[in-house]
Amino acid sequence: MEAAGLSISFPGHRPLSRAQSSPASASSFPISVPAPEPTIKPRFTTGLVYDSLMQKHQCMCGNTNSHPEHAGRIQSIWSRLQETGLRAQCECIRGRKATLEELQTVHSEAHVLLYGTNPLRQKLDCSITPMFVRLPCGGVGVDSDTIWNEVHSSSAARLAVGSVVELVFKVATGELKNGFAVVRPPGHHAEESTPMGFCYFNSVAIAAKLLQQRLNISKILIVDWDVHHGNGTQQAFYDDPNVLYLSIHRYDDGNFFPGSGAPDEVGSGPGVGFNVNVAFTGGLDPPMGDAEYLAAFRSVVMPIANEFAPNIVLVSSGFDAVEGHPPPLGGYTLTSK
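Conventions we followed
- Residues numbered from 1 in each chain as written.
- Predicted model: local features only at pLDDT ≥ 70, side-chain atom pairs only at ≥ 80, totals over all residues.
- Heavy atoms only, no water.
- UniProt positions renumbered as here; feature names shortened; annotations may be inferred.
- Salt bridge = Lys/Arg side-chain N within 4 Å of Asp/Glu carboxyl O.
- Buried < 20%, exposed > 50% of the residue type's maximum accessible area, 1.4 Å probe, protein only.
- Patch = residues over 30% accessible without salt bridge, like charges linked within 9 Å, V, L, I, M, F, W, Y side chains within 5 Å.
- Areas by Shrake-Rupley, 256 points an atom, 1.4 Å probe, with all protein chains shown as cover.
- Core = buried A, V, L, I, M, F, W, Y, C linked by side-chain atoms within 4.5 Å.
- Helix = DSSP H or I, 4+ residues; strand = E, 2+ residues; numbered from the N terminus.
- 1 Å grid on protein atoms, 1.4 Å probe; cavity = no way out; pocket = protein on both sides within 12 Å on 5 of 7 lines; lining within 4 Å.
- Points joined across faces, edges and corners; volume = space filled by probe spheres on them.
- Nonpolar A, V, L, I, M, F, W, Y, C, P; charged D, E, K, R; others polar.
- Pairing = 2+ DSSP bridges.
- Axes fitted to C-alpha atoms, helices over the stretch in contact; angles between N-to-C directions.
- Parallel < 35°, antiparallel > 145°, perpendicular 65-115°, else oblique.
- Left-handed = near helix turned anticlockwise from the far one by under 90°.
- Contact = heavy atoms within 4.5 Å.

By the naming in an unreviewed UniProt entry, the chain is histone deacetylase, taken from Solea senegalensis. Check the Subcellular location (unreviewed entry) section of the UniProt entry for the chain; it says "Nucleus". Listed in UniProt under the heading Sequence similarities (unreviewed entry), the comment for the chain reads: "Belongs to the histone deacetylase family. HD type 2 subfamily."

Trainee: Please clarify how the pattern of salt bridges should be interpreted in this entry.
Mentor: Two side chains with opposite charge may pair up if their charged atoms get near one another. Applying the stated rule across the entire model yields 8 salt bridges. The salt bridge partner of Glu69 is Arg73, with a shortest N-O separation of 2.7 Å. Classification of Glu69 as buried rests on a relative accessible area of 6%. For Arg250, the salt bridge identified is with Asp252, shortest N-O distance 2.9 Å. Look at Asp252 and you get buried, because its relative accessible area is 11%.

Trainee: Mind showing me how you'd approach a nonpolar patch on the surface here?
Mentor: Residues Trp225, Val315 and Phe319 make up a contiguous nonpolar surface patch of about 260 Å² in total accessible area. The exposure class of Val315 is partly exposed, given its relative accessible area of 34%.

Trainee: Help me understand the nonpolar core in this model?
Mentor: Side chains of a nonpolar character, in soluble globular proteins, are inclined to be buried together. One finds Phe201, Ile220, Ile222 and Ile312 to be the most contacted residues of the largest nonpolar core, which totals 51 residues. Listed by contribution, the elements that provide at least two residues to this core are strand 1 (46-49), helix 1 (72-83), helix 4 (109-116), helix 5 (153-172), helix 6 (203-215), strand 6 (220-224), strand 7 (243-250) and strand 9 (312-316). Counting 21 residues, the second largest nonpolar core, distinct from the first, contains Phe256, Met288, Phe297 and Ala321.

Trainee: What am I meant to see in empty space enclosed by the protein here?
Mentor: A probe matching the size of a water molecule, rolled over the atoms, marks out where space remains unfilled. Scanning the model with the defined rule gives 2 cavities of 30 Å³ or more in all. Here the largest cavity is characterised by a volume of approximately 60 Å³. Residue lining of the largest cavity: His57, Gln58, Cys59, Gly62, Asn63, Thr64, His67, Glu69, His70, Ile147 and Arg184, and that is the complete set. Here the lining of the largest cavity is built from residues that sort into 2 nonpolar, 7 polar and 2 charged. In this structure, the second largest cavity occupies an estimated 50 Å³ of space.

Trainee: How should the sheet that holds strand 9 be read in this particular structure?
Mentor: Whether parallel or antiparallel, the strands of a sheet pair through hydrogen bonds between backbone atoms. Strand order in this open sheet of 4 strands is 8-7-6-9, and the pairing throughout is parallel. Each having just a single partner strand, strand 8 (275-280) and strand 9 make up the two edges of the open sheet. When strand polarity is set aside, the average angle formed by the axes of neighbouring strands in this sheet is 10°. Of the strand pairs in this sheet, strand 6 and strand 9 are connected by 5 bridges, and their pairing is parallel. Directly across from Ile222, in strand 9, lies its bridge partner Leu314.

Trainee: Please clarify how the sheet that holds strand 1 should be interpreted in this entry.
Mentor: Pairing in this open sheet of 3 strands is parallel, and the strands run 2-1-5 from one edge to the other. Looking at the sheet topology across the chains shown, the edges are occupied by strand 2 (91-93) and strand 5 (178-181). The sheet shows a mean angle of 30° between the axes of neighbouring strands, direction not considered. Sheet topology places strand 1 next to strand 5; 4 bridges connect them, and they run parallel. Bridge pairing in strand 5 links Gly47 to Gly179.

Trainee: Just to check I follow, could you spell out the packing of helix 5 against helix 6 for this structure?
Mentor: Geometry of a packed helix pair, given as the angle between the helix axes and the separation of the axes. Running from N to C, helix 5 and helix 6 point in directions that differ by 45°, and their axes come no closer than 9 Å. Between helix 5 and helix 6, the interaxial angle falls into the category oblique. Seen from above, helix 5 lies across helix 6 with right-handed handedness. Together, Ala160, Val161, Val164, Val165, Val168, Phe169 and Ala172 of helix 5 and Ser203, Ile206, Ala207, Leu210, Leu211, Arg214 and Leu215 of helix 6 make up the contact between the two elements. Split by residue class, the contact of helix 5 with helix 6 holds 12 nonpolar, 1 polar and 1 charged.

Below, the structure is given as structure tokens:
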């Protein structure tokens, strides 16, 4: 964001562009002694958070081919970060499970108890049974593609949220420059009382609510570049002028999942104007790619972001607009670069 011209600073901290990235660059060493190689990673750097326990959120059928949202997604990202040496240049932080109270900043108490605690304890409650369905693969889910693992899903979902929260707070307090959370299950489709689209808890929305409550951060920008609209995030801040939600997604006149995210969905009450949907329509003839996305960022996203001048930027970073992603789940041709 800074490279694109958006200056981000925090009260009590120097602008990022002037901050030293390494304590070794400060002139605290004696002149006569050559500076030793730093044995610890620099503090003010990019943070990474990941936990292999999130891989255990798998369908009980055991077949990843029939489930596009599977453990290999985060495993491959983490492996790539290691192979390229990027992981070693970053600060790896420890994730944690979000508390039930934290989850309730966005979700209803019933939703949090149902999906945030082990449903094995609640099997005797017959009112819960209709929430889960038997999938064609033989596993269990809450809808046709959002799988549920009785033993591991609640822990993985809470770990995903807590990991994002930990990372966001380290950035917000100036301990880290920025960060990347390698987490699943994802979150931006999860609404107050409804899991959907592989999502159970809205990690980014919860992190934003907690920033407001605990650090009193007044202006938060959420940029969502998943190819699908983040209906849950939009819902959470639709009337809030202090959180600008800006989504760039495939819309196709409401015929692409989840069907929300029209350009005229601009917020309500005091939040009018603080919900921006860059909603691509026209199907895949031709599919949107780098040129269209760069044009959208230069002409819409960045001017609005600059005017809003946020204290912090949260990115819902879905990778499904990339080339090679099958049309039912994406169909666009963005390059990795």
